[in-house]
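So you can see what is in the structure, the chains are spelled out below.
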Amino acid sequence: MNRGLDAAIEMAEKGWSEGGIPIGSILMTESGEIVARGHNERVQTGDPTAHAEMVCLRNAGRRRDWSELTLVSTLSPCPMCTGTAVLYRVRRVVIGENSTFLGAEHWLHEAGIETAVLHDERCQALMRRFQQEKPELWAEDIGE
């Protein structure tokens, strides 16, 4: 899972360097092959649904093996992203951190999706920096 989280953090940093929201996501096979990557593109594209997980899943294209894949995200997924993981029956969701934002993880549990929260300091630092430096954008992103 470390390789997956490292790749998701790279995507989060890419989004931040573009002036966007520092959240990244990857989709990987059980053997660790990364099949898709994404980062939050809401600011860059003006698309309110362009969350990191949604962009990643979109980049994965049409598939039939969702139930064999792991979705890794630097931040706890919101209800939209959680719902999509549930809809496609993703096997496992790995979350970098959920202390700065707790999404709809209970839906993952209720749907029987294996979930791991890593409490990663790098992910927490990215979000704390974002919240401190761009509080209005943070409030917009979480719907406040």
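Not measured: the values here are computed from a predicted model. (Residues numbered from 1 in each chain as written. Predicted model: local features only at pLDDT ≥ 70, side-chain atom pairs only at ≥ 80, totals over all residues. Heavy atoms only, no water.)

Peer 1: Explain the pairing of strand E2 (residues 34–39) here, please?
Peer 2: As a general feature of sheets, a regular strand has side chains that alternate between the two faces. Of the strand pairs in this sheet, strand E1 (residues 24–28) and E2 are connected by five bridges, and their pairing is antiparallel. Paired with Gly-24 across the two strands is His-39, which belongs to E2. Counting the residues that bridge the hairpin from E1 to E2 gives five residues, and of these Gly-32 lies at a positive phi of roughly 100°. (Pairing = 2+ DSSP bridges. Helix = DSSP H or I, 4+ residues; strand = E, 2+ residues; numbered from the N terminus.)

Peer 1: Would you explain helix H6 (residues 121–133) in this entry?
Peer 2: The periodicity of an α-helix, 3.6 residues per turn, causes residues three or four positions apart to be oriented the same way. Between the first and last C-alpha of H6 there are 18 Å, a value that for 13 residues agrees with the 18 Å anticipated at 1.5 Å per step. Where H6 is concerned, the buried positions are Cys-123, Gln-124, Leu-126, Met-127 and Phe-130. Taken around the axis of H6, the buried residues stretch over an arc of 160°, which confines them to a single face. Of the exposed residues in H6, those oriented more than 90 degrees away from the buried face are Glu-121 and Gln-132. Of the residues that open H6, the one with a side-chain oxygen 2.9 Å from the backbone nitrogen of Arg-122 is Asp-120. (Expected span 1.5 Å × (residues − 1). Buried < 20%, exposed > 50% of the residue type's maximum accessible area, 1.4 Å probe, protein only. Arc of directions from axis to C-beta. Polar contact = N/O pair within 3.5 Å; in protein donor to acceptor, adjacent residues only side chain to side chain.)

Peer 1: Honestly, the side chain of Thr-82 in this entry has me stumped. Any pointers?
Peer 2: Take Thr-82: it is sitting in helix H4 (residues 79–87). For Thr-82, a relative accessible area of 0% corresponds to the buried category. If sequence neighbours within four positions are ignored, Thr-82 has contacts with Pro-77, Ala-104, Trp-107 and Leu-108. (Contact = heavy atoms within 4.5 Å.)

Peer 1: Even after reading the chapter, I still don't get the packing of helix H1 (residues 2–17) against H6, so can you show me in this structure?
Peer 2: Angle between the axes and distance between the axes: these two values describe a pair of packed helices. Across the interface, H1 lies against H6 with an axial gap of 10 Å and an inter-helix angle of 15°. It follows from the interaxial angle that H1 and H6 lie roughly parallel. H6 is crossed by H1, and the crossing has left-handed handedness. In contact with Leu-5, Asp-6, Ile-9, Ala-12, Glu-13 and Trp-16 of H1, H6 contributes Arg-122, Cys-123, Leu-126, Arg-129, Phe-130 and Glu-133. A breakdown of the residues in the contact of H1 with H6 according to their chemical character gives seven nonpolar, no polar and five charged. (Axes fitted to C-alpha atoms, helices over the stretch in contact; angles between N-to-C directions. Parallel < 35°, antiparallel > 145°, perpendicular 65-115°, else oblique. Left-handed = near helix turned anticlockwise from the far one by under 90°. Nonpolar A, V, L, I, M, F, W, Y, C, P; charged D, E, K, R; others polar.)

Peer 1: Help me understand the packing of helix H3 (residues 52–60) against H4, please; the structure alone is not making it clear to me.
Peer 2: Interhelical geometry of H3 versus H4 gives an angle of 35° and a closest axis separation of 8 Å. Residues Glu-53, Met-54 and Leu-57 of H3 lie in contact with H4, whose contacting residues are Met-80, Cys-81 and Thr-84. When its residues are assigned to classes, the contact of H3 with H4 shows four nonpolar, one polar and one charged.

Peer 1: What is the right way to look at the sheet that holds E1 in this model?
Peer 2: As a general point, the strands of a sheet are linked pairwise by backbone hydrogen bonds and lie either parallel or antiparallel. Read from one edge to the other, the open sheet built from five strands follows the order E2-E1-E3-E4-E5, with strand pairing classed as mixed. Edge positions in the sheet fall to E2 and strand E5 (114–117), since each has one partner strand and no second. Sheet twist, expressed as the mean angle between neighbouring strand axes with direction ignored, is 15°. Packing against the sheet, H1 makes contact with E1, E2 and strand E3 (70–73), and its axis sits at approximately 145° to E1.

Peer 1: Sorry, what's going on with the pattern of salt bridges here?
Peer 2: Two side chains that carry opposite charge are able to pair once their charged atoms sit near each other. Scanning the entire structure with this criterion turns up ten salt bridges. A salt bridge links Arg-122 to Asp-6; the shortest N-O distance between them is 2.9 Å. Of this pair, Arg-122 sits in helix H6 while Asp-6 is found in helix H1, placing the two residues 116 residues apart along the sequence. Overall, the relative accessible area of 40% leaves Arg-122 in the partly exposed class. Take Asp-6: its relative accessible area is 34%, and that puts it in the partly exposed class. Glu-30 is paired through a salt bridge with Arg-92; the nearest N and O atoms lie 3.5 Å apart. One end of the pair, Glu-30, is in the loop between E1 and E2; the other, Arg-92, is in strand E4 (residues 92–95), and 62 residues separate them in sequence. (Salt bridge = Lys/Arg side-chain N within 4 Å of Asp/Glu carboxyl O.)

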